[in-house]
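Structure at a glance
For reference, the chains in residue letters:
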Amino acid sequence: MSYTLYPLRKSRLQRSELAVPGSNPTMIEKALASAADYVFLDCEDAVAPPDKEQARKNIIQALNDLDWAGAGKTVSVRINGLDTHYCCRDVVDIVEQAGHKLDTILIPKVGTAADVYAIESFVSQIEVAKSLPHKIGMEALIETPLGMANVESIASANSRLEAMHFGVADYAAFNKARTVVIGGLNPDYPGDQWHFALSRMTVACRAFGLRPIDGPFGDFSDPAGYTAGAKRAAALGIEGKWAIHPSQIELANEVFSPTAKEVERAERILAALKEAEAQGKGAASLDGKMIDAASEKMANNLIATAAAIKKGEAARAKAAAE
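Before going into details, it helps to say that this report is about the structure given with it. (Residues numbered from 1 in each chain as written. Predicted model: local features only at pLDDT ≥ 70, side-chain atom pairs only at ≥ 80, totals over all residues. Heavy atoms only, no water.)

Attention shifts here to the environment of Ala114. In this fold, Ala114 is placed in helix α4 (residues 113-130). Residue classification places Ala114 among the partly exposed positions, given a relative accessible area of 48%. (Helix = DSSP H or I, 4+ residues; strand = E, 2+ residues; numbered from the N terminus. Buried < 20%, exposed > 50% of the residue type's maximum accessible area, 1.4 Å probe, protein only.)

Take a look at the structure:
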């Protein structure tokens with residue numbers, strides 16, 4: 001083990017991330033009552049240019065008026081890109097007027113670590129000026145060749161960054177990749193054409209203490225395709241996936257949740273290793289398989305996720321009862 005270690009910067013339950021256009025107040029209200037762990041209110045691609053200003057106002061009102069934390073939700077805002085004239089007003093207006101209710105800012109098309117720094121510089125000043133009670137986290141959407149080429153330097157920079165998301169749609173467009181559906185597989189490719197990008201982003205996240213999140217799957221009439229993509233992402237160590245339609249929330253929650261059987265085995269692993277330690281042993285055998293310190297880490301990760309899910313479900317149930 002290297003002496004240089006980067007602990008997880010921030011733990012958040014993020015199995016399902018519901019994307020909601022800021023231009024649609026009805027959808028925003030429905031998102032609050034959904035089973036999604038995470039909701040991001042969108043100023044960017046889901047909002048047409050003529051609606052940008054009104055979407056920003058809708059988001060500010062929704063952040064202030066709705067009890068996201070009470071409903072067990074983490075709430076984020078995807079701002080417009082730094083290369084647009086909307087970006088500055090997104091950051092200033094939303095953080096000044098509703099920053100005390102905002103958990104994170106999702107920055108689109110991050111290409112370099114300086115892109116994250118640019119947004120943070122504005123946010124830091126506003127937080128001080130408005131005496132906000134907490135620091136707003138940052139999340140980077142990796143969806144360009146430049147962003148993927150710089151993914152390690154973005155992840156390793158000293159910043160508020162908590163997570164990286166893989167934006168497969170723009171990534172495919174910028175790379176001129178041939179696709180049949182957003183996030184889907186091209187039958188001409190022998191395997192998963194997104195595997196390299198997802199794996200590279202995940203490694204960068206895990207190396208520097210960030211949460212890796214998979215992005216959208218465009219065909220919401222294909223639950224099997226969505227589930228298959230989510231399972232491939234989960235196998236790599238990714239923590240969750242976007243839902244661009246409410247029907248995809250439960251699919252993501254199921255894939256990225258440990259089963260009762262897995263939790264029970266994790267608890268047995270910890271008990272077996274504790275017993276082995278008492279006997280002066282560094283490893284043990286459980287169900288005919290060797291377990292050791294690495295098994296303990298995986299078991300603790302799984303149990304922590306299960307506990308976070310239980311806490312979120314309790315908050316949603318309480319909010320629904322009220």
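The rest of the description comes next.
The next subject is the pairing of strand β1 (residues 16-21). The element β1 is largely enclosed, with a buried count of six among its six residues. Here three bridges tie β1 to strand β8 (residues 240-243), and the two strands are oriented parallel to one another. Across the sheet, Glu17 pairs through a bridge with Trp242, a residue of β8. Two elements, β1 and strand β2 (residues 38-42), share five bridges in a ladder whose sense is parallel. Bridging from a neighbouring strand, Pro21 pairs with Asp42 of β2. Note that the unit made of β1, helix α1 (residues 25-32) and β2 has a crossover that is right-handed. (Pairing = 2+ DSSP bridges. Right-handed = clockwise from strand over helix to strand, strands pointing away.)

Let us look at the packing of aromatic side chains. Centre-to-centre distance and the angle between the planes together describe a pair of aromatic rings. The full count for this structure, using the stated rule, is five aromatic pairs. The cationic tip of Lys241 hangs over the ring face of Tyr226; the distance from NZ or CZ to the ring centre is 5.4 Å. (Phe/Tyr/Trp six-rings, centres within 6.5 Å; stacked < 30°, edge-to-face > 60°. Lys NZ or Arg CZ within 6 Å of the ring centre and 35° of its normal.)

To continue, consider helix α7 (residues 168-175). Residues Val168, Asp170, Tyr171 and Ala172 constitute the buried set of α7. Among the residues trailing α7, Lys176 stands out with phi positive, at a value near 55°.

Okay, the sheet that holds strand β3 (residues 74-78) next. One closed barrel accounts for eight strands, arranged β1-β2-β3-β4-β5-β6-β7-β8; its pairing is parallel. Taking the axes of each pair of neighbouring strands and ignoring which way they run, one obtains an average angle of 25° across the sheet. Bridge analysis of strand β7 (residues 211-214) against β8 gives two bridges, and the strand direction is parallel. Residue pairing in the sheet places Ile213 in a bridge with Gly240 of β8. Lying over the sheet, α1 contacts β1 and β2, oriented at roughly 160° with respect to β1. (Axes fitted to C-alpha atoms, helices over the stretch in contact; angles between N-to-C directions. Contact = heavy atoms within 4.5 Å.)

Next up on the list: the pairing of strand β4 (residues 104-107). The alternating pattern of β4 places Thr104 and Leu106 on one face and Ile105 and Ile107 on the opposite face, and all of these are buried. Relative to β4, β3 runs parallel, the two being bridged by three bridges. Across the sheet, Val77 pairs through a bridge with Ile105, a residue of β4. Each parallel crossover has a hand, and the one from β3 via helix α3 (residues 87-98) to β4 is right-handed. Relative to strand β5 (residues 137-142), β4 runs parallel, the two being bridged by four bridges. When the bridges of β5 are listed, Leu106 appears paired with Glu139.

The next point concerns the packing of α3 against α4. Taken N-terminus to C-terminus, the directions of α3 and α4 make an angle of 25°; their axes are 10 Å apart at the nearest point. As far as their axial angle goes, α4 and α3 are roughly parallel. Classified by chirality, the crossing of α4 by α3 is right-handed. Facing Cys87, Val91, Val92, Val95 and Glu96 of α3, the residues of α4 in contact are Ile119, Phe122, Val123, Ile126 and Lys130. Within the contact of α3 with α4, the residues separate by chemical class into eight nonpolar, no polar and two charged. (Parallel < 35°, antiparallel > 145°, perpendicular 65-115°, else oblique. Left-handed = near helix turned anticlockwise from the far one by under 90°. Nonpolar A, V, L, I, M, F, W, Y, C, P; charged D, E, K, R; others polar.)

Let us look at the side chain of Glu17. Looking at the element boundaries, Glu17 is found in strand β1. Of the polar contacts made by the side chain of Glu17, one reaches the side chain of Gln14; its length is 2.7 Å. Not counting chain neighbours up to four residues away, the residues in contact with Glu17 comprise Tyr38, Phe40, His165, Ile213, Lys241, Trp242 and Ala243. (Polar contact = N/O pair within 3.5 Å; in protein donor to acceptor, adjacent residues only side chain to side chain.)

The next thing to look at is α4. An ideal rise of 1.5 Å per residue puts 26 Å on 18 residues; α4 measures up with 26 Å between its terminal C-alpha atoms. Among the residues of α4, Val116, Ile119, Glu120, Val123, Ile126 and Glu127 are the ones counted as buried. Tucked into the core, α4 has its buried residues touching α3, β4, β5, α6 (151-156) and β6 (161-166). (Expected span 1.5 Å × (residues − 1).)

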